[in-house]
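One-letter residues, chain by chain:
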Amino acid sequence: MNARAFLIVSACAVASLALAQQDAKQPQDPAPAKGKQGGQGGRQGRGNRKPPQDGIVKPSMEDTVKGAMYADNWFVLWINGKQVAVDSIDFLPHNVVAIDLLPEYPMTIAVLAKDNADPATGCEYGRQIGDGGFIMRFGDGTVTDASWKAKCFMHGPIDRDTTNPKVRSEPLPKDWHAPGFDDSSWPNATEYSQERIDPKEPFFQHDFSGAKWIWTSDLDLDNTVVLRKRVEKPNWSPRWTTKPDLKPTAE
Ligand SMILES: [Ca+2]
Ligand SMILES: [Ca+2]
């Protein structure tokens with residue numbers, strides 16, 4: 001081996017050693033990032049944080065189901081006393097709200113749904129009468145149908161009088177979304193055909209199989225309604241052993 005060849009071989013050896021050292025470092029580099037994402041390893045050495053607790057089973061995305069909702073025209077949805085979805089578009093375009101849910105049973109679902117109606121007249125676009133409608137399907141098979149409860153809280157225009165429109169309304173009961181709220185005296189929801197509701201394109205891009213369009217008995221004049229359903233699964237117990245520590249509210 002002459003001097004030139006020796007230098008080339010040596011340079012290659014140095015480069016290989018440097019690469020090997022770099023590779024050896026790499027597995028350790030992502031560790032701090034994992035800690036930032038909530039891994040328990042990242043909690044050590046961080047001041048007052050609690051140490052990892054053995055035996056904790058956290059829920060994972062495999063425990064969740066998909067949920068899809070479509071309201072004519074707007075809704076907010078609560079499950080087991082927690083607000084979990086709100087229609088992000090007031091009324092146009094008609095849109096689907098699709099979410100991931102961590103189902104826990106018994107599951108009390110409460111929906112406040114509103115037709116596009118002026119609270120003072122019950123009309124839309126001046127003196128027109130619009131109709132409502134709500135449909136929902138969860139991946140666990142929970143769907144809207146006539147087994148739900150439905151009650152109107154704003155009705156109008158009374159007698160369909162659009163010349164001198166008047167409304168009849170009452171405040172929502174304080175705990176309308178609570179699991180323990182007594183809705184036993186409420187009427188059942190009325191089912192409506194897809195033809196009657198005439199949903200727009202986003203409806204057909206989601207899975208609503210088995211679900212029915214529901215509202216109160218007056219699809220035209222009942223403009224603000226609450227829809228409630230309690231889903232029972234008597235032998236169900238959660239796979240996970242944790243409970244949320246945070247309070248999921250905007251307060
Ligand atoms: Ca209406
Ligand atoms: Ca409407």
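Since the structure is predicted, the reported quantities are computational estimates derived from the model, not experimental observations. (Residues numbered from 1 in each chain as written. Chains lettered and ligands numbered in written order. Predicted model: local features only at pLDDT ≥ 70, side-chain atom pairs only at ≥ 80, totals over all residues.)

What the protein contains, in helices and strands, is 4 helices and 11 strands. Long-range pairs, those at least 24 residues apart, make up 73% of the contacts in the protein between residues at least 6 apart in sequence. (Helix = DSSP H or I, 4+ residues; strand = E, 2+ residues; numbered from the N terminus. Contact = placed C-beta atoms within 7 Å.)

The strand order across the open sheet built from 6 strands is S3-S2-S5-S11-S7-S8, with neighbouring strands paired in antiparallel fashion. Each edge of the open sheet is held by one strand with a lone partner, namely strand S3 (82-86) and strand S8 (168-169). Inspection of the sheet shows strand S7 (residues 149-155) paired to S8 by 2 bridges, in the antiparallel sense. Opposite His 155, over in S8, you have Arg 168 as the bridge partner. (Pairing = 2+ DSSP bridges.)

A word on unusual backbone geometry. For the bond running from Tyr 105 to Pro 106, omega is 0°, close enough to zero to count as cis. Within the secondary structure, Pro 106 is located in the loop between strand S4 (96-101) and strand S5 (107-114). For the bond from Gly 156 to Pro 157, the omega torsion is -5°, close enough to zero to count as cis. Structurally, Pro 157 can be placed in the loop between S7 and S8. Phi is positive for Tyr 125, close to 50°, though the residue is something other than glycine. Within the element layout of this structure, Tyr 125 appears in the loop between S5 and strand S6 (134-138). Non-glycine residue Asp 198 carries a positive phi angle of around 55°. Mapped onto the secondary structure, Asp 198 falls in the loop between helix H3 (194-197) and helix H4 (201-204). For Asp 198, a count of 12 C-beta atoms within 10 Å gives the class exposed. (Buried ≥ 20, exposed ≤ 12 C-beta atoms within 10 Å, placed from the backbone.)

On to the nonpolar core, then. Counting residues in each nonpolar core, the largest one holds 32 residues, and the members touching the most others are Phe 75, Val 111, Ala 113, Phe 134, Ile 214 and Leu 227. Excluding its chain neighbours within four sequence positions, the residues that come into contact with Val 111 are Phe 75, Leu 77, Phe 134, Val 226 and Leu 227. (Core = buried A, V, L, I, M, F, W, Y, C linked by C-beta atoms within 7 Å.)

What follows concerns the environment of Val 96. Along the polypeptide, Val 96 turns up in strand S4. For the pair Val 96 and Ala 68, spaced 28 residues apart in the sequence, the C-alpha separation amounts to 6.6 Å.

Looking now at the environment of Asp 90. Assignment of secondary structure puts Asp 90 in the loop between S3 and S4. Its 9 C-beta neighbours within 10 Å are what place Asp 90 among the exposed residues. Considering only alpha carbons, one finds Asp 90 and Asp 72, 18 residues apart in sequence, at a separation of 9.6 Å.

On average, residues of the protein carry a pLDDT of 85, and 79% of them reach 70 or more. Taken together, the stretch residues 5-46 has pLDDT below 50 and engages in 13 contacts with residues farther than four places along the chain or on a different chain. (pLDDT = per-residue confidence, 0-100.)

Attention now moves to the environment of Leu 112. Secondary-structure assignment places Leu 112 in strand S5. Between the C-alpha atoms of Leu 112 and Phe 134, which are 22 residues apart in sequence, the distance is 10.0 Å. The contact partners of Leu 112, leaving out residues within four places of it in the chain, are Phe 75, Val 76 and Val 226.

Turning our attention to the pairing of S3. Bridging between strand S2 (residues 74-79) and S3 involves 4 bridges; their strand directions are antiparallel. When the bridges of S3 are listed, Val 76 appears paired with Val 86. Hairpin remark: S2 followed by S3, antiparallel, with 2 residues in the connecting loop; positive phi at Asn 80, about 50°.

Next up on the list: the pairing of S6. Across the 5 residues that make up S6, a large majority, 5, are buried. Of the two faces of S6, both are covered, the one formed by Phe 134, Met 136 and Phe 138 as well as the one formed by Ile 135 and Arg 137.

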